[in-house]
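Per-entry structural report
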Amino acid sequence: MSHVTQKRCHIPGTLTFAAAPELVRSVCLSLGVKKKTKREMILMTMIARVADGLPLAASMQENEQSGRNLQEYQNQAKQLFRKLTEHSPTRCTLETGLLMFHYLIDRGVCYLVLCEGNYSKKMAYAFLDDLQAEFSELYIKKVATVSRPYVFIEFDTYIQKLKKSYSDSWSRRKLGSINSELHDVQRIMVTNIEEVLQRGEALSALNTKASNLSSLSKKYQHDAKELNSRSRFTKVAATGICLFMVMLYFWWL
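Residues numbered from 1 in each chain as written. Predicted model: local features only at pLDDT ≥ 70, side-chain atom pairs only at ≥ 80, totals over all residues. Heavy atoms only, no water.

Examining the overall build of the protein
Assigned secondary structure in the protein consists of eight helices and eight strands. By residue count, 37% of the 253 residues in the protein fall in the buried class. A separation of at least 24 residues holds for 61% of the contacts in the protein among residues at least 6 apart in sequence. Accessible surface computed for the protein: about 16600 Å², of which carbon and sulfur atoms make up 56%. (Helix = DSSP H or I, 4+ residues; strand = E, 2+ residues; numbered from the N terminus. Buried < 20%, exposed > 50% of the residue type's maximum accessible area, 1.4 Å probe, protein only. Contact = heavy atoms within 4.5 Å. Areas by Shrake-Rupley, 256 points an atom, 1.4 Å probe, with all protein chains shown as cover.)

Dropping the structure here:
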């Protein structure tokens, strides 16, 4: 006599009952009860030398875990590294579809993460700061002399540990409160990665444009203040001349 393994299924608003696996699956799907899956918000981390774009270390989720083919994004990251220069913005966010690249540059090394689009920008840059601090302490003196890619691949152990702390919900709430004033992330440049990669626009050019816009804004403010000062002086001078003419008129009388 065959036995059918039973499972318990809970349907919202009803009692829990025992049923065969096929029935459980059928009922749950028909009522829209879905299995909860954990989504990794930080999908990929890469570290590279700015001078030549040489990858130094990397860590990414397996395709079956993330549900995405990350090879395309890894290629984008490598292209981005090759376009970086010493004049590139030290912090920048690049949109790539529904995902976001965030990077920071420090002492000739670029630290980059690929995140879900709804992942906190502040948390992403806090993650990069922690990443940079640990990597610099361990390897920064060796960066200029290495010639092989991914020579610091053992750093993946720390990256995985750090990523877990930023993915865990309790840890994220704690870090969020600790770093609430860490970055003014609204001032970090945001652009689309296609503009940088396909059009061949260097990030240094974007930085130059941003600097030019800032200079023009400051010049406009200075000119506006100077114009207001001239306007006030003209009004005072005109009033003074009128009073002088009136006084002169009565004096001749």
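Let's talk about helix H5 (residues 156-167)
Taking 1.5 Å of rise per residue, twelve residues should cover 16 Å, and H5 covers 16 Å from first to last C-alpha, within 8% of that figure. Taken as a whole, H5 has its buried residues at Ile159, Leu162, Lys163, Tyr166 and Ser167. The buried side chains of H5 occupy one side of the element, clustering within an arc of 135 degrees when seen end-on. The exposed set on the far side of H5, more than 90 degrees from its buried face, consists of Thr157, Lys161 and Lys164. (Expected span 1.5 Å × (residues − 1). Arc of directions from axis to C-beta.)

Let's talk about the side chain of Thr96
Along the chain, Thr96 turns up in strand S5 (residues 91-96). In this structure, Thr96 is in contact with Tyr73, Gln76, Phe101, Leu114 and Ile193, ignoring residues within four places of it in sequence.

Overview of the nonpolar core
If you look at the biggest cluster of nonpolar residues, it comprises 30 residues, and the most contacted ones within it are Ile47, Leu56, Leu131 and Phe135. When residues of this core are traced back to their parent elements, those giving at least two are strand S3 (42-49), strand S4 (55-60), strand S7 (109-116), helix H4 (121-139) and H5. Residue contributions to this core peak at nine residues, all from H4. Contact partners of Leu56, with chain neighbours within four places excluded, come to Ile47, Ala48, Arg49, Val109, Phe135, Val143, Val146, Tyr150, Val151, Phe152 and Ile153. Formed by 22 residues, the second largest nonpolar core is a distinct cluster that contains Leu70, Phe81, Leu84 and Leu99. (Core = buried A, V, L, I, M, F, W, Y, C linked by side-chain atoms within 4.5 Å.)

As for the pairing of S3
Across a regular strand the side chains alternate sides, sitting on one face of the sheet and then on the other. Within S3, eight of the eight residues are buried, leaving the element largely enclosed by the surrounding structure. Here seven bridges tie S3 to S7, and the two strands are oriented antiparallel to one another. When the bridges of S7 are listed, Ala48 appears paired with Cys110. As paired elements, S3 and S4 share five bridges and run antiparallel to each other. Directly across from Ile47, in S4, lies its bridge partner Ala57. Connecting S3 to the next strand, S4, in antiparallel fashion are five residues, including Gly53 with a positive phi near 75 degrees. (Pairing = 2+ DSSP bridges.)

A few points about unusual backbone geometry
Backbone geometry at Arg107 places phi at a positive 55 degrees, although glycine is not the residue there. On the secondary structure map, Arg107 appears in the loop between strand S6 (99-106) and S7.

Here we look at the packing of H4 against H5
In the contact formed by H4 and H5, the axes pass within 11 Å of each other and the chain directions differ by 150 degrees. Judged on the interaxial angle alone, H5 and H4 are roughly antiparallel. Judged by the sense of rotation from one axis to the other, the crossing of H4 with H5 is right-handed. Contact residues: H4 offers Met123, Ala126, Phe127, Asp130, Leu131 and Glu134, while H5 offers Tyr158, Ile159, Leu162, Lys163 and Tyr166. (Axes fitted to C-alpha atoms, helices over the stretch in contact; angles between N-to-C directions. Parallel < 35°, antiparallel > 145°, perpendicular 65-115°, else oblique. Left-handed = near helix turned anticlockwise from the far one by under 90°.)

A look at the side chain of Arg49
For Arg49, the location among the structural elements is in strand S3. At 2.8 Å, the side chain of Arg49 and the backbone oxygen of Val143 are in polar contact. Excluding residues that lie within four positions of it along the chain, Arg49 makes contacts with Leu54, Leu56, Gly108, Val143, Ala144, Thr145 and Val146. (Polar contact = N/O pair within 3.5 Å; in protein donor to acceptor, adjacent residues only side chain to side chain.)

Observations regarding the packing of aromatic side chains
Taken as a whole, this structure holds eight aromatic pairs when the rule is applied. Ring centres of Phe135 and Tyr139 lie 5.1 Å apart, and the angle between their planes is 55 degrees; on these two criteria the pair is classed as tilted. Here Phe135 pairs with Tyr139, and both are found in helix H4, just four residues apart, close to one helical turn. Residues Phe135 and Tyr139 agree in their burial class; the two are buried. Cluster of aromatic residues (ring-pair linked, three or more members): Tyr111, Phe135, Tyr139, Phe152, Phe155 and Tyr158. (Phe/Tyr/Trp six-rings, centres within 6.5 Å; stacked < 30°, edge-to-face > 60°.)

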